[in-house]
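Coordinate inspection notes
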Amino acid sequence: MRPLFSDTSVASVRLVVAVTFSVATIFIDSRFDALTLVRQTIKTVLWPLEQAAYVPGRVSSELIDWAHSYDLITERLEVIALENERLRTEQLKLQTLRAENAELRRLLGVKERVNERLLQAQIERLSNDPFVHRVTINRGLLAGVTEGRPVISADGLVGQVVVAYPHAADVLLMTDATHNLPVQVTRTRERAIAVGVGRMDRIELRNLPDTVDIVPGDLLETSGLGERFQSGIPVAEVKEVIRAPGQPFARVIAAPLTPMARLSLVMVDLAEGES
Amino acid sequence: MIFLVTWLSTLFLIVIPYPAWMTLALPHFGFLFVTWWGLMRNYQLSMTLLLIASLPIDVLYGTTLGLHGLLFALIAYALTLLGPSVRQVNWIRQSLVVFVVLLIASAVSYWARTLTGQSPDLMILVLQSVVSALLWSPLRWFYDVVADYAEGLRAQRQ
């Protein structure tokens, strides 16, 4: 006769308890922000382990750099000198444009934007989960990085800080399937929501009217709605507009201007937003 | 002690930066860790400890907290039931069993991720299961070595 409380039934009870606990945790974490502190604590405790894990990679890249150091430095200096010349010319143009912009804003009665306060940060690691587009940067609460800060690169928007730890921060890339971003088309000022689809090279605008004036090549920028991102940050370039016959909505596919898979340096916008 | 050392080794394997092109073909080290415990040391495995150990793995992968706890519990339960018979067979058959169990876990992962707003690709999850099953044998050897080392350390202390 089979015993009522056999080993298997004890294991089954344990399984039911574990599954219930896990499902409850998933529900709480995905619907509320109640577990941020748990995440922060765990990440802070794991920080030394993460630093130790980067050592082999850093040592090997240092060794490779050391082996090619002279040629590499000469080559890089030439590139930097050229880039510097170009940037100096651009800066001259920018100064004129800033003055012009300030004058136009004054004439229109629009308040001046708060100066951007950008903090440079290095990407330490990408999530190894193929469906999670998150990166960890080497600046955290101690450097003034807090949740919700926009993260940009030299090419355009990267994403936003979702969890800040003392020495690091997790940045959710705009290509993550859970990321939504209010954007506008630079040419027509048409507003839309750009959603990530879980691919590093693609975001999509959905539920746009079929008659919307968007063509491949149009640039998308942040619209400033949602009060998280300043308006005017370059986001993506429209690659394809799909207008299916009989469907009321068009689908727009765009490629992020920032090469997400090859990111190494980013900047965190620490400004308080527009005044 | 053995749990701590094997768990830390697993975290280390998860944290090491891999090239972006490898992300799709990486084995799921967390699953293989639970597979080793479920098959080789199930008599020492505690479900509570497993749930606690899964939380840092969620944090490192950036997934919703609790996701790996759910998957670990299912894998551990399935392998604890299968353990005695699977331990006897050769590595090819063991890898096949591991593949089937991880495939079921991947299906649950697909379901849970979809519910939390992600858009997972089932084929990538299947590919991960294939790679994990293929790497089961070397990883099993790795965990055996780590466990022996941890046992040696404990014996030295005593």
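A quick note: this is a predicted structure, and the numbers were derived from the prediction, not measured.

1. Concerning the overall build of chain A
Scanning chain A from terminus to terminus reveals 3 helices and 12 strands. Since a compact globule built from 275 residues should have a radius of gyration of about 19 Å, the 24 Å found for chain A marks it as more spread out than a globular shape. On the principal axes, the C-alpha backbone points of chain A span a range of 90 × 60 × 35 Å. Here chain A holds 275 residues, and the buried ones make up 39% of them.

2. Describing the sheet that holds strand β6 (residues 180-185) of chain A
Residue and element names in this part refer to chain A. Spatially, 6 strands are ordered β6-β7-β8-β11-β10-β9 in a closed barrel, and the strand pairing comes out antiparallel. Here the strands of the sheet are splayed against their neighbours by 40° on average, with no regard to which way each runs. For strand β7 (residues 191-196) and strand β8 (residues 203-209), the ladder comprises 3 bridges, and the chain directions are antiparallel. Residue pairing across strands places Val195 opposite Glu204, the latter belonging to β8.

3. Overview of the interface of chain A and chain B
Counting from both sides, the interface comprises 39 residues of chain A and, opposite them, 43 residues of chain B. Buried area between chain A and chain B, both sides added, is near 3,600 Å², and the carbon and sulfur share of it is 73%. When the area that chain A buries against chain B is broken down by residue, the three leading residues are A:Ile26, A:Asn128 and A:Phe131, summing to 20%. Taken together, the connections running from chain A to chain B amount to 1 salt bridge. A:Asp129 serves as the salt-bridge partner of B:Arg113, at 2.5 Å between the closest nitrogen and oxygen. Where chain A packs against chain B, one counts 9 residue pairs in polar contact (both at pLDDT 80 or more). Those elements giving two or more residues to the side of chain A that touches chain B turn out to be α1 (7-31) and α2 (36-67) of chain A.

4. Things to note about the pattern of salt bridges
Summed over the entire model, instances satisfying the criterion amount to 18 salt bridges over all chains. Close ionic contact of A:Arg206 with A:Glu204 constitutes a salt bridge, the shortest N to O distance being 3.3 Å. A:Arg206 gets classed as partly exposed once you look at its relative accessible area, which sits at 42%. B:Asp144 is the salt-bridge partner of B:Arg140, the closest N and O atoms lying 3.9 Å from each other. With B:Arg140 and B:Asp144 both in helix α7 (residues 136-157), this residue pair falls 4 residues apart, about one helical turn. When its relative accessible area of 23% is taken as the criterion, B:Arg140 is described as partly exposed. Three or more residues are tied together by salt bridges with common partners; here these are A:Lys43, A:Glu50, A:Arg134 and A:Asp170.

5. Things to note about the side chain of B:His68
All names here are of chain B. Turning to its location among the elements, His68 is positioned in helix α4 (residues 67-88). Relative accessible area serves as the criterion here: at 1%, His68 is assigned to the buried category. Of the polar contacts made by the side chain of His68, one reaches the side chain of His28; its length is 3.0 Å. Beyond its immediate stretch of four places on either side in the chain, His68 contacts His28, Phe31, Ser54, Ile57, Asp58, Tyr61 and Thr63.

6. Concerning the domain arrangement of chain A
By a widely used convention, the size of an interface equals the accessible area lost when the partners come together. Residue and element names in this part refer to chain A. Domain boundaries in chain A define domain 1 (11-52), domain 2 (68-112) and domain 3 (117-275). A separation of 27 Å is found between the C-alpha centroids of domain 1 and domain 3. Taken together, the 9 residues of domain 1 in the interface contact 12 residues of domain 3. Summed over both sides, the interface between domain 1 and domain 3 buries roughly 800 Å², with carbon and sulfur atoms accounting for 57% of that surface. Summed over the shared surface of domain 1 and domain 3, the number is 1 salt bridge. Taking the shortest distance from any N to any O, the salt bridge between Lys43 and Asp170 comes out at 3.5 Å.

7. Here we look at empty space enclosed by the protein
Here the structure, examined in full by the defined rule, presents 4 cavities of 30 Å³ or more. Here the largest cavity is characterised by a volume of approximately 50 Å³. Taken together, A:Lys43, A:Arg125, A:Leu126, A:Ser127, A:Arg134, A:Val135, A:Thr136, A:Asp170, B:Val59, B:Leu60, B:Tyr61 and B:Gly62 make up the lining of the largest cavity. Put simply, the parts of the chain that give the lining of the largest cavity at least two residues each are β1 (118-126) and β2 (134-137) of chain A together with α3 (47-61) of chain B.

8. Points about unusual backbone geometry
Residue and element names in this part refer to chain A. One non-glycine residue, Arg189, adopts positive backbone phi at about 65°. Following the sequence through the fold, Arg189 ends up in the loop between β6 and β7. A positive phi angle is found at Asn207, which is not glycine, with a value near 55°. Positionally, Asn207 belongs in strand β8. For Asn207, a relative accessible area of 58% gives the class exposed.

Conventions adopted
Every chain begins its residue count from 1, and numbering advances along the sequence as written. Key to labels: chains lettered from A, ligands numbered from 1, both in the order written. At least 70 in pLDDT is required for a residue's local features to be given in this predicted model, at least 80 for side-chain atom pairs to be given and counted, and no such filter applies to totals for whole chains, interfaces and linings, which use all residues. To get the side-chain values, take all heavy atoms of the structure and skip hydrogens and water. Here a strand is any run of E in DSSP of at least two residues, a helix any run of H or I of at least four, and the numbering for each starts at the N terminus. Here the globule rule is a power law, 2.2 Å times the number of residues to the power 0.38, and the radius of gyration is based on C-alpha atoms. Between buried and exposed lies partly exposed: a residue is buried under 20% and exposed over 50% of the maximum accessible area for its type, with that area taken using a 1.4 Å probe on protein chains only. Should DSSP find at least two bridges between two strands, the strands are regarded as paired. Interaxial angle, 0 to 180 degrees, is taken between N-to-C directions of lines fitted to C-alpha atoms, where a helix line uses only the stretch in contact. We call two residues in contact when some of their heavy atoms are within 4.5 Å. By buried area we mean how much accessible surface two parts lose on assembly, using a 1.4 Å probe and totalling the loss over both. Should a side-chain nitrogen of Lys or Arg be within 4 Å of a carboxyl oxygen of Asp or Glu, the pair is scored as a salt bridge. Side-chain atoms alone can form a polar contact between residues adjacent in sequence; in general such a contact is a pair of N or O atoms within 3.5 Å, and within protein one must be able to donate a hydrogen while the other accepts it. What fixes the domain bounds is an automatic or database domain assignment. A 1.4 Å probe that fits into a set of points on a 1 Å grid over the protein atoms alone but cannot get out defines a cavity; an open set with protein on both sides within 12 Å along at least five of seven lines defines a pocket, and lining residues are those with an atom within 4 Å of a point. Grid points are joined across faces, edges and corners, and a volume is the space filled by probe spheres set on the points.

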